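# A closer look at the structure
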Amino acid sequence: MDYTQEIITSSLWIARTLALTVIFFSLGIFLLVRLTHWGKQFWMFAGGYLSPKRSIKPLLFFVLIVTLTLFSVRLSLVHSTWYNNMYTALQEFNQTVFWEQMILFCFIAGFSVAAALISYYLNQRFSINWIEWLNTELLEKWMDKRAYYKSQYMGNNLDNPDQRIQQDIQSYVKTTLSLSTGVIDAVTSMISYTILLWGLAGPMTLLGIEIPRAMVYLVFAYVIFTTLIAFWLGKPLIRLNFANEKLNANYRYSLIRVKEYAESIAFYAGEKVEKNRLYKQFRAVIDNMWDIVFRALKFSGFNLVVSQISVVFPLLIQVGRYFEKQIKLGDLMQTLQVFGKLHSNLSFFRNTYDSFAEYKATLDRLTGFHYSVEAAQKQSKTDITDHPTDVIFQHLSVKSPMGKILIKDLNLTLTQGHSLLIQGQSGVGKTTLLRTIAGLWSYAEGKIFCPQHNTLFLSQRPYLPQGNLLTALYYPDTTENVDLAKITRVLEQVQLAHLQDRLEQEQDWSRILSLGEQQRLAFARLLLHKPKVAFLDEASASLDEGMEYAMYRLIREELPNTTIISVGHRSTLVPLHQQQLELHTDGSWVFNPH
């Protein structure tokens, strides 16, 4: 072998093949995106990252990965020639050529190892960068316009968004890269090894007809036939893999709910009900797993049979020519090796159908996430406008997601510093009205004028973020400018002075503090923020009437310019507010100024 000439030939081969690969691969992607549903799904999450308008780096990285893939293909072709020469040397007892081939093998092995390691690094870097970008994109969309909240009330309720963001993104990126490089490797190898096998194959007589290069035709016919059968056997795996992810996520979510509501379940002694629900969900997981196992047995079993037959198939065809001394041992062994490689590359699409089934299920979940978030971000018919001081409702109508009118044609003006109590039976839309004012409810129409940049919402169960008590007190602001003297005074005012020494402790405060203490902590948050408008949704429901009176009296004294809008059932709340809005089940309302 002329090593210098081989280096030049291989370099030119890689350059030509790379150019052709770029052209045909780009054309293939274009056709898939235009003509197939899953191609459109793929491009939905790849187009932005691979766009040269954003950055040329991802495309250059991918071209480099493809170049290394083609380098490995070329190296395997050189190895095939080495196979022939080495076995021919053994047959002819040529010791000199044999040892030359051993030295050459060291170079081939060295280059193979180096290419594999570099390719691994480039693949991982490309994947990690893509995962970072896609995670940012989906997370921003999910958090934008409060889609994370609104999507809960969409008709196609978004299940397990945590899994879709954290797990499915990684699966999508890694499988996309694996399938892409696998297709390039398989197609280029298939063409290259077909050319090699064409030179090695001889004629074959079948039914009295001599077929030249018969082995080439037979391997293509064999693989195409078996691939069609494999696709038919493997098609149900797409549905089963999608169901597997969903059922497991639902089961995991139910386990988390038991942990979150452990105290309530314990007080109710609801272990039996919870166990029945968990076992029912787990049984669905197991049943689906068995469906996958039985389908995989058929699919994998067929592939194994096909692979075993392909081991002896070329030997049976070519051995006659060997015994007739038409070919040497090296030619026979190279034929076996080339046939195996060609069969493997032709079988790529059959063998990866299982992976593609999982990939398609991942695409469906990510696409479902995308569409759900998009629907949640659509602007409602409610015109919410900033106002420096007042809260004004003009012809506001609020509906349920099913279209039922909850509040009809509400017209009301609440000036700065005044307080309003919203009351009515459960389900008439009291909390929904607060959601509408906050821009969280899409099923409403009319006009709302309200301060938009300095408001605070207190719920019945206050949200305490991860971290220390300072973080909880200043939420949603940061703790950069902390006034400890002010915090100490506020904690004393809400009768939480016993927490003053624990402000910087990192604890799960939502479990340590009682619900009453959490609600008083929320009132402390209100005093620190001093908003223009405060929305209190059953914010004192866990306080006794004396403590409730003290908290409302406190915020009226400390925040005289803050507009208070409360939702509550207690009659004791009526004298604590200047005005009252009574909502009725038929959508009508009554405004009572005191």
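Here the structure is a predicted model, which means the values were calculated and not measured.

## Remarks on the packing of helix α3 (residues 57–91) against helix α4 (residues 95–143)
Remark: α3 packs on α4, axes separated minimally by 9 Å, with the N-to-C direction vectors making an angle of 160°. One finds that α3 runs roughly antiparallel with respect to α4. In this structure, α3 meets α4 at a crossing whose hand is left-handed. Across the contact of α3 with α4, the residue classes tally to 24 nonpolar, seven polar and one charged.

## Re unusual backbone geometry
For the peptide bond that leads from Y475 to P476, omega is 10°, which places it in the cis range. Structurally, the position occupied by P476 is in the loop between α15 (469–474) and α16 (484–493). Even without a glycine there, the phi angle at H395 is positive, about 50°. Positionally, H395 belongs in strand β4 (residues 391–399).

## Quick look at the confidence of the model for the protein chain
The share of residues in the protein chain with pLDDT of 70 or more is 97%, and the mean pLDDT across the chain is 86. Within the protein chain, strand β1 (residues 204–206) has the poorest average pLDDT of any element, 67, and strand β10 (residues 563–567) the best, 93.

## Some thoughts on the nonpolar core
Residues F126, W130, L134, Y172 and L197 are the most contacted members of the largest nonpolar core, which totals 66 residues. It is helix α6 (residues 161–200) that contributes the most residues to this core, eleven residues altogether. If we skip the residues at most four places from it in the chain, L134 touches F45, I169, Y172 and V173. Grouped together as the second largest cluster of nonpolar side chains are 38 residues, L491, L543, L559 and L576 included.

## Some points on the sheet that holds strand β6 (residues 419–424)
Strand order across the open sheet formed by six strands is β8-β9-β10-β6-β11-β12, with mixed pairing between neighbours. The two strands at the open ends of the sheet, each matched to only one other strand, are β8 (455–458) and β12 (589–593). Strand-to-strand twist across the sheet, computed as the mean angle between neighbouring axes with direction ignored, equals 15°. Two elements, β8 and strand β9 (residues 533–537), share four bridges in a ladder whose sense is parallel. Looking at the pairing, T455 lines up with V533 of β9. Contacts between helix α14 (residues 430–437) and the sheet are confined to β6, β8, β9, β10 and β11 (579–583), with β6 contributing the most and set at about 135° to the helix.

## A short note on the pairing of strand β7 (residues 444–450)
Going residue by residue along β7, you find A444, G446, I448 and C450 tucked away on one face and E445, K447 and F449 left uncovered on the opposite face. As judged from the six bridges shared by strand β3 (residues 381–386) and β7, these two strands associate in the parallel manner. Pairing of T385 across the sheet is with F449, part of β7. The pairing of β4 with β7 spans five bridges and is antiparallel. Looking across to β7, one finds that F393 is bridged to I448.

## Concerning the packing of aromatic side chains
Per the counting criterion, the structure on display carries 22 aromatic pairs. On the basis of an interplanar angle of 75° and a centroid distance of 5.9 Å, the ring pair of Y49 and F126 is categorised as edge-to-face. Of this pair, Y49 sits in helix α2 (residues 37–50) while F126 sits in helix α4; the two residues are 77 residues apart in sequence, bridging distant segments of the chain. Among the aromatic side chains, those forming a connected cluster through ring pairs are F25, W38, F45, Y49, F62, F126, W130, W133, Y172, F356 and Y359.

## As for the environment of V533
Structurally, V533 can be placed in strand β9. We classify V533 as buried; its relative accessible area is 0%. Sequence separation between V533 and A230 is 303 residues; the distance between their C-alpha atoms is 64 Å.

## A few points about a nonpolar patch on the surface
On the surface, L20, I23, F24, L27, F30, L31 and L35 cluster together into a nonpolar patch covering about 740 Å² of accessible area. One can find L31 in helix α1 (residues 3–35). Residue L31 is classed as partly exposed on the basis of its relative accessible area, which comes to 40%.

## Observations regarding the side chain of T69
Note that T69 resides in helix α3. Since its relative accessible area comes to 10%, T69 is described here as buried. Ignoring any residue separated from it by four or fewer positions in sequence, one finds T69 in contact with T181 and D185.

## Quick word on α14
The buried fraction of α14 amounts to six of the eight residues, a majority that puts the element mostly inside the structure. G439 lies just past α14 and shows a positive phi near 80°.

## A word on the pattern of salt bridges
Inspection of the entire model under this criterion finds seven salt bridges. Taking the shortest distance from any N to any O, the salt bridge between E557 and R553 comes out at 3.1 Å. Within this pair, E557 and its partner R553 are both found in helix α19 (residues 545–558), separated by four residues, close to a single helical turn. Among the residues examined, R553 registers a relative accessible area of 43% and is labelled partly exposed.

## Here's the deal with the sheet that holds strand β5 (residues 405–414)
What the four strands build is an open sheet, ordered β3-β7-β4-β5; its pairing is mixed. Edge positions in the sheet fall to β3 and β5, since each of these pairs with one other strand and no more. Strand after strand, the sheet turns through a mean of 10° between neighbouring axes, direction not considered. Its contacts with the sheet put α14 on β3, β4, β5 and β7, and the angle it makes with β4 is roughly 120°.

Basis of the calculations
- Residues numbered from 1 in each chain as written.
- Predicted model: local features only at pLDDT ≥ 70, side-chain atom pairs only at ≥ 80, totals over all residues.
- Heavy atoms only, no water.
- Axes fitted to C-alpha atoms, helices over the stretch in contact; angles between N-to-C directions.
- Helix = DSSP H or I, 4+ residues; strand = E, 2+ residues; numbered from the N terminus.
- Parallel < 35°, antiparallel > 145°, perpendicular 65-115°, else oblique.
- Left-handed = near helix turned anticlockwise from the far one by under 90°.
- Nonpolar A, V, L, I, M, F, W, Y, C, P; charged D, E, K, R; others polar.
- pLDDT = per-residue confidence, 0-100.
- Core = buried A, V, L, I, M, F, W, Y, C linked by side-chain atoms within 4.5 Å.
- Buried < 20%, exposed > 50% of the residue type's maximum accessible area, 1.4 Å probe, protein only.
- Contact = heavy atoms within 4.5 Å.
- Pairing = 2+ DSSP bridges.
- Phe/Tyr/Trp six-rings, centres within 6.5 Å; stacked < 30°, edge-to-face > 60°.
- Patch = residues over 30% accessible without salt bridge, like charges linked within 9 Å, V, L, I, M, F, W, Y side chains within 5 Å.
- Areas by Shrake-Rupley, 256 points an atom, 1.4 Å probe, with all protein chains shown as cover.
- Salt bridge = Lys/Arg side-chain N within 4 Å of Asp/Glu carboxyl O.

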